[in-house]
Amino acid sequence: MHEIQVHNTLSGKVEPFVPLKGNTVHMYTCGPTVYDFAHIGNFRTFVFQDILRRFLKLRGFELTHVMNLTDVDDRIIANSAAAGVSIREYTEKYVQAFFADCKTLSVQSPEHWIRATENIDSMVELIQRLQKKTYTYDSEGSIYYRIAKFKDYGKLSKVDLSGIQAGARVDNDRYEKESARDFALWKAPKPGEHFWETSLGPGRPGWHIECSAMAMKYLGETIDIHTGGIDLAFPHHENEIAQSEAATGKPFVRYWLHAEHLLVEGEKMSKSLGNFFTLRDLFGKGYKPSALRFALASVPYRRQLNFTFDGLQQATSSVERLRNFAARLKNEKFPAGKRAAMEDRIAKAASDFDAGLSDDLNTAQALAAVFDFVREANIAMDKGEFRQGEVKAAQDLLATFDKVFAVLEDNDGAKLKVLGYGGDEGGPDDAEIEKLVAERQAARQRRDFAESDRIRKELLGRGIILEDTKDGSVRWKRK
Ligand SMILES: [Zn+2]
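A short note on the sheet that holds strand 3 (residues 24–29)
Spatially, five strands are ordered 5-4-3-12-13 in an open sheet, and the strand pairing comes out parallel. Here the strands that pair on one side only, and so sit at the sheet edges, are strand 5 (112–115) and strand 13 (253–259). Strand-to-strand twist in this sheet, taken as the mean axis angle between neighbours without regard to direction, amounts to 20°. One ladder, built from four bridges, connects strand 4 (residues 62–69) with strand 5; its direction is parallel. Note that in strand 5 the partner of Val66 across the bridge is His112. Strand contacts of helix 6 (residues 233–248): strand 12 (223–229) and strand 13, with the helix running at about 170° to strand 13, the strand carrying the most contacts.

Some details on the sheet that holds strand 15 (residues 267–268)
Whether parallel or antiparallel, the strands of a sheet pair through hydrogen bonds between backbone atoms. Taken in spatial order, the three strands line up as 15-14-16 in an open sheet, and their pairing is mixed. Looking along the sheet, the strands with just one partner apiece sit at the ends: strand 15 and strand 16 (305–307). Here three bridges tie strand 14 (residues 262–264) to strand 16, and the two strands are oriented parallel to one another. Looking across to strand 16, one finds that Leu262 is bridged to Leu305.

What about the environment of Ile4?
Note that Ile4 resides in the segment before strand 1 (5–8). Residues Ile4 and Gly463 lie 459 residues apart in sequence; the distance between their C-alpha atoms is 43 Å. Residues in contact with Ile4, not counting those within four places in the same chain, are Glu15, Pro16, Phe17, Phe55, Leu56, Arg59, Phe61 and Ser358.

Some words on the layout of surface pockets
To find leftover empty space, a probe the size of one water molecule is rolled over the atoms. Quantified by volume, the largest pocket comes out at close to 1,200 Å³. Together, 41 residues line the largest pocket, and His39, Asn42, Arg174, Asp231 and Leu232 are the ones closest to its centre. Secondary-structure elements contributing two or more residues to the lining of the largest pocket are helix 1 (40–58), helix 3 (87–104), strand 12, helix 6 and strand 14. Taken as a whole, the second largest pocket spans an internal volume of roughly 580 Å³. As for the second largest pocket, its lining consists of 24 residues, of which Arg323, Ala327, Leu408, Asp410 and Trp476 are closest to the centre. Elements represented by at least two residues in the lining of the second largest pocket include exactly helix 9 (309–331), helix 14 (430–445) and strand 18 (474–478). The element contributing the most residues to the lining of the second largest pocket is helix 9, with nine residues. For the lining of the second largest pocket, the per-class residue count stands at seven nonpolar, five polar and 12 charged.

Criteria and thresholds
What you see as residue numbers is a count from 1 along each chain, following the sequence as written. Note on the predicted model: pLDDT of at least 70 is required for a residue's local features to be given, and 80 or more for side-chain atom pairs to be given and counted; whole-chain, interface and lining totals, by contrast, use all residues. For side-chain calculations, the full set of non-hydrogen atoms in the structure is used, while hydrogens and water are omitted. If DSSP finds at least two bridges between two strands, the strands pair. Each helix corresponds to a stretch of at least 4 residues labelled H or I by DSSP, and each strand to a stretch of at least 2 residues labelled E; elements are numbered beginning at the N terminus. With axes taken as lines fitted to C-alpha atoms, and helix axes fitted only over the stretch in contact, angles between N-to-C directions fall between 0 and 180 degrees. The contact criterion used throughout is that any non-hydrogen atoms of two residues lie within 4.5 Å. Both cavities and pockets are sets of points on a 1 Å grid over the protein atoms alone; in a cavity a 1.4 Å probe fits but cannot get out, in a pocket the set is open with protein on both sides within 12 Å along at least five of seven lines, and lining residues sit with an atom within 4 Å of a point. Grid points are joined across faces, edges and corners, and a volume is the space filled by probe spheres set on the points. By the convention adopted, Pro, Cys, Tyr, Trp, Phe, Met, Ile, Leu, Val and Ala count as nonpolar, Lys, Arg, Asp and Glu as charged, and the other residues, Gly among them, as polar.

Structure below.
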């Protein structure tokens, strides 16, 4: 096992990862703002944090992981007011869609899903702590954070504060680096907008205070890891630090991990360019969840990911190659015995896999370790050199791989069905396929080739491909 190293945006360096308290990792991930369906750029970040989470668990850490749902922000307030519905009513559809999308992509649930609207009290309390320490000022019913008073302001994003006018402030939750300003902690309601009646007066929280309050409520005042997309480093995470550290006097986050942007066919994804995709857009085009997860996970998180349809096609083949290999291990009969050379080869693949992920989650390196081994083992099998006694170790390697990458199980059809894609095209389930395969085997044994052919054709028509192997067994896979 290798020492785990991660790149910390705060220090700008790759550092050994050691949790603050014993074996438990306290981790916070900025979740989606549920005003629309999440897109594949969002899911690049969510798959990254899932790989991180799964790898830490594989390495024996306990996780206390919080992901929030931002269900109140400028856009939600505006959209729900325009639609004339409550915030809960407006956001619920997107919350449920997000949960379903995560499931489809095998993104594990964190230990705590929390909603901003259920934690308003904690936000009010945190603002009051900041008021007592005079980090705030009021203006027209809103409360602002005075960034000039927090001497470390800018330490995460390295934002240049020269030329910032004292007292210049901003009400929007999202703004550019060039306009670092005093930002709103609490916003006075505009006519027609939803608001909360609190001891601060009527209003609603700013976006940044939400994450500070919820992270500290569930994870304590100093947390191990905070993840998010790189676009959140400023202003959102910078402001989280300013709020939390001003209130507690303690370091807020020990390791900040940020995922780079995703491009589509080399261009920035945008609705106006027509290259904007939600998961559902891609599933509607017939792509599999496992292929999409693989494509998003295969590029190390700190590298820009250029999403292409060629790449997605390659990911589909890669997943298939792994599943075929797993099926060979399960179904074929190899000569008895085992050889030290193959055992060493498997141990090396396992070690290289761990080395890749330990090196700041270098998924490309980890995948190369597994694919190199699979290629060599397939060749050994074709030559009749792979032995039965080597099967278990090879299967263990795949199982370890899949604890992190989670693409081996052939359940894409079932997952798509849940989202309403495929319908009957989702095809027969495993049990029905196994039954038909067994019936076909029986027909072959009694030399009823017309029947065995009929079953093969029936399965093919329903999207199942059969492959007869040399040893007389049958492998099947979904098209
Ligand atoms: Zn956040």
